[in-house]
Amino acid sequence: MALIGLLYAPFDRPTGQSRVSSPAFRASFALASAFVVLVALSYGLNPAWMWMYYVDPQSVSVPALLYVLIGLYALPWIAGYAIGLELIRRSRNAWRTAVAAALVMEGWLLAELWDRYNCLADYQQFLQGECRPLLGSTEPLALVLNLGGLMLVGLAVFLGWRLKRQMDAGGN
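So, here's what we can say about the structure. (Residues numbered from 1 in each chain as written. Predicted model: local features only at pLDDT ≥ 70, side-chain atom pairs only at ≥ 80, totals over all residues. Heavy atoms only, no water.)

1. Thoughts on the side chain of aspartate 12
Link 1 in the chain: Relative to the helices and strands, aspartate 12 resides in the loop between α1 (2–8) and α2 (23–45).
Link 2 in the chain: Relative accessible area serves as the criterion here: at 6%, aspartate 12 is assigned to the buried category.
Link 3 in the chain: Reaching out from aspartate 12, the side chain makes a polar contact with the side chain of tyrosine 81 at a distance of 2.5 Å.
Link 4 in the chain: Not counting the four nearest positions on each side in its chain, aspartate 12 is found in contact with Arg19, Ser22, Ala24, Tyr81 and Leu85. (Helix = DSSP H or I, 4+ residues; strand = E, 2+ residues; numbered from the N terminus. Buried < 20%, exposed > 50% of the residue type's maximum accessible area, 1.4 Å probe, protein only. Polar contact = N/O pair within 3.5 Å; in protein donor to acceptor, adjacent residues only side chain to side chain. Contact = heavy atoms within 4.5 Å.)

2. A few points about the packing of helix α4 (residues 62–90) against helix α5 (residues 92–112)
Link 1 in the chain: Interhelical geometry of α4 versus α5 gives an angle of 140° and a closest axis separation of 5 Å. On α5, the residues that touch Gly84, Leu87 and Ile88 of α4 are Arg92, Ala94, Trp95 and Ala98.
Link 2 in the chain: Of the residues that constitute the contact of α4 with α5, the class distribution is five nonpolar, one polar and one charged. (Axes fitted to C-alpha atoms, helices over the stretch in contact; angles between N-to-C directions. Nonpolar A, V, L, I, M, F, W, Y, C, P; charged D, E, K, R; others polar.)

3. A few points about the packing of aromatic side chains
Link 1 in the chain: The final tally for this structure, using the stated rule, is nine aromatic pairs.
Link 2 in the chain: Ring centres of phenylalanine 25 and tryptophan 77 lie 5.2 Å apart, and the angle between their planes is 45°; on these two criteria the pair is classed as tilted. Taken together, the positions of phenylalanine 25 in helix α2 and tryptophan 77 in helix α4 put the pair 52 residues apart, joining distant regions of the chain.
Link 3 in the chain: Judged by its relative accessible area of 14%, phenylalanine 25 is buried.
Link 4 in the chain: Accessibility expressed as a relative area gives 6% for tryptophan 77, which makes it buried. (Phe/Tyr/Trp six-rings, centres within 6.5 Å; stacked < 30°, edge-to-face > 60°.)

4. Points about unusual backbone geometry
Excluding glycine, most residues fall at negative phi; most peptide bonds, likewise, are trans.
Link 1 in the chain: The phi angle at methionine 52 is positive, at roughly 55°, despite the residue not being glycine.
Link 2 in the chain: Mapped onto the secondary structure, methionine 52 falls in the loop between α3 (47–50) and α4.

5. With respect to the packing of α2 against α4
Link 1 in the chain: Here α2 crosses α4 at 155°, and the two axes come no closer than 11 Å. On the basis of the axis angle, α2 is roughly antiparallel to α4. For the pair α2 and α4, the crossing hand works out as right-handed. Side by side, α2 and α4 meet where Ala24, Phe25, Ser28, Phe29, Ala32, Phe35, Val36, Val39 and Tyr43 of the first sit next to Leu65, Leu69, Tyr73, Trp77 and Tyr81 of the second.
Link 2 in the chain: Residues belonging to the contact of α2 with α4 are distributed by class as follows: 13 nonpolar, one polar and no charged. (Parallel < 35°, antiparallel > 145°, perpendicular 65-115°, else oblique. Left-handed = near helix turned anticlockwise from the far one by under 90°.)

So yeah, pure geometry; function would need other evidence.
So this is what it looks like as structure tokens:
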């Protein structure tokens, strides 16, 4: 989520109004919101997978889910945007380094959790070692992740392209 916040910071231009009303912030919010919708849909399809089988989803309360949405999604996105604004103000290379670091961390996390990421099961099946591979699967979660991931990349590119066109035209 911090990466999503970081991505649009270079497009932010002070207007004398709140940063929240800037096109860059709104684009970042749109992408973050689409990501959270994908997360919610994935959670509905396989809550145990979303917890990477560390937590029995039956033991998770609604307040705990709200805490996770705020603490692991909303706050990192906002922090990424704010940090991106500061980094881009200092130097484009500092911003690029932060984006690269975020990508490396995401890659490390994916590699570290690969045995759980590539496993489709419910909580008890996972504990018993009964997994079906996510990659190559036609199960709903795999389809949502594949199509949703492609849609997120497409949305990110479209929003960035639109913001770049606005900047080139001198608009906000």
